[in-house]
Amino acid sequence: MTEQPTNTKSLNRIAIACIGIMLLVSAVLYPSLPEILPRQWGIDGEVNSTWHKNYAVLVMPALAIGIYLLTYILPMVDPRRDSYEKFRPSYERVRIAVLVMMAGFHILTLTQYDNPQMLVKLILFGVSLLFVFIGNEMGRFRQTWFAGIRTPWTLADERVWKKTHRVGARWFVAVGLLNMALVFVLPMNAFFVVFMTSVIGVALGTSAYSYVLYRRWNG
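Residues numbered from 1 in each chain as written. Predicted model: local features only at pLDDT ≥ 70, side-chain atom pairs only at ≥ 80, totals over all residues. Heavy atoms only, no water.

*Asks:* Would you take a moment to explain a nonpolar patch on the surface for this structure?
*Replies:* On the surface, a cluster of nonpolar side chains totalling about 750 Å² of accessible area is made up of Ile65, Leu69, Tyr72, Ile73, Met76, Val77, Trp145 and Phe146. If you trace the backbone, Trp145 turns up in the loop between helix H4 (116-138) and helix H5 (152-156). On the basis of relative accessibility, which here comes to 42%, the residue Trp145 falls in the partly exposed class. (Patch = residues over 30% accessible without salt bridge, like charges linked within 9 Å, V, L, I, M, F, W, Y side chains within 5 Å. Areas by Shrake-Rupley, 256 points an atom, 1.4 Å probe, with all protein chains shown as cover. Salt bridge = Lys/Arg side-chain N within 4 Å of Asp/Glu carboxyl O. Helix = DSSP H or I, 4+ residues; strand = E, 2+ residues; numbered from the N terminus. Buried < 20%, exposed > 50% of the residue type's maximum accessible area, 1.4 Å probe, protein only.)

This is the structure:
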């Protein structure tokens, strides 16, 4: 069933606002930032690599612009481009959610660079929250080559696609909520094991589930 129309222009304004906020934060904070900033942290909060602040203030906004443009173009070149109109509101909301997350991460990395352990936890919390959001939208996704759980079996059979996404949506939400609940409770080493195990488990589980469904329905 096709979703109700959404105000794409409003969502695009939100996306552009996110990118604008990222650039504004970069400009405001730039004079007060140290010359060298952390670029990557380990799960224990230790800095693994650094870079000059010129890169720190520009790379994430540039990446956000790239993702915004890429996700705008992909439906136009997808061989199943007509499918996007059946779940356009969900697709647009996920696009915005990704950009909002990136804006949040950009602000965090420029303001909490001297509090690395909390920074890592907040980033993982944000990723887990995105899992919940995507899970809430995933059940509406339709067959495309670029969006959704794309396995040979979901792409070959629309029934498998729909069932896999409905079940996968619940798994995404469950994994996101689990990790959101545990990130501030468990020691980081233990949480990282839970996080990676659950994420990999969902990826492998949905692939296996789509295969089982395909074999059941197609022999």
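*Asks:* Whenever I open this one, helix H2 (residues 53-77) confuses me. Can you help?
*Replies:* Count 3.6 residues to each turn of an α-helix, and residues three or four apart come out pointing the same way. Its 25 residues place the ends of H2 36 Å apart at the C-alpha level, agreeing with the 36 Å of an ideal helix rising 1.5 Å per residue. At Val59, H2 is bent by approximately 30°, the largest bend along its length, and proline Pro61 sits one to four residues beyond. Taken together, the buried positions of H2 are occupied by Lys53, Ala56, Val57, Pro61, Ala64, Tyr68, Thr71, Leu74 and Pro75. (Expected span 1.5 Å × (residues − 1). Bend = angle between axes of the 7 residues up to and from the residue.)

*Asks:* Explain the pattern of salt bridges to me, please; I cannot follow it from the model alone.
*Replies:* Close approach of charged atoms allows side chains with opposite charge to pair. Summed over all chains, the structure comprises 8 salt bridges. Taking the shortest distance from any N to any O, the salt bridge between Glu85 and Arg88 comes out at 2.9 Å. For Arg140, the salt bridge is made with Glu137, and the minimal N-O distance between the two is 3.0 Å. With relative accessibility at 35%, the residue Arg140 sits in the partly exposed group. Salt bridges sharing partners connect three or more residues here, namely Glu85, Arg88, Glu92 and Arg95.

*Asks:* Looking at this structure, how should I read the packing of aromatic side chains?
*Replies:* The description of two aromatic rings rests on the distance between their centres and on the angle between their planes. Under the criterion given, the structure shown has 9 aromatic pairs. Between Tyr84 and Tyr91, the aromatic rings sit 5.2 Å apart at their centres with planes inclined by 80°, giving edge-to-face as the arrangement. Relative to Phe141, the ring of Phe87 lies with its centre 5.0 Å away and its plane at 35°, an arrangement referred to as tilted. Placement of Phe87 in the loop between H2 and helix H3 (88-111) and of Phe141 in the loop between H4 and H5 is noted, with a sequence separation of 54 residues between them. Of the two residues examined, Phe87 and Phe141, each falls in the buried class. Each member of the aromatic cluster is reached from another via a ring pair, and the members are Tyr84, Phe87, Tyr91 and Phe141. (Phe/Tyr/Trp six-rings, centres within 6.5 Å; stacked < 30°, edge-to-face > 60°.)

*Asks:* Which parts of the structure should I look at to understand the environment of Leu69?
*Replies:* Positionally, Leu69 belongs in helix H2. With 86 residues separating them in the primary sequence, Leu69 and Leu155 have C-alpha atoms 25 Å apart.

*Asks:* Looking at this structure, I do not really get the packing of H3 against H4. What am I missing?
*Replies:* When two helices pack together, their arrangement is given by the angle between the helix axes and the distance between those axes. Viewed as axis vectors pointing N to C, H3 and H4 meet at an angle of 175°, and their least axial separation amounts to 10 Å. Put simply, H3 runs roughly antiparallel to H4. Taking contact as the criterion, the partners of Ser90, Arg93, Val94, Ala97, Val98, Met101, Phe105, Leu108 and Thr109 in H3 are, on H4, Leu119, Leu122, Ile123, Gly126, Val127, Leu130, Phe133, Ile134 and Glu137. Along the lines of polarity and charge, the residues of the contact of H3 with H4 split into 13 nonpolar, 3 polar and 2 charged. (Axes fitted to C-alpha atoms, helices over the stretch in contact; angles between N-to-C directions. Parallel < 35°, antiparallel > 145°, perpendicular 65-115°, else oblique. Contact = heavy atoms within 4.5 Å. Nonpolar A, V, L, I, M, F, W, Y, C, P; charged D, E, K, R; others polar.)

Function cannot be inferred from these measures alone, as they are strictly geometric.
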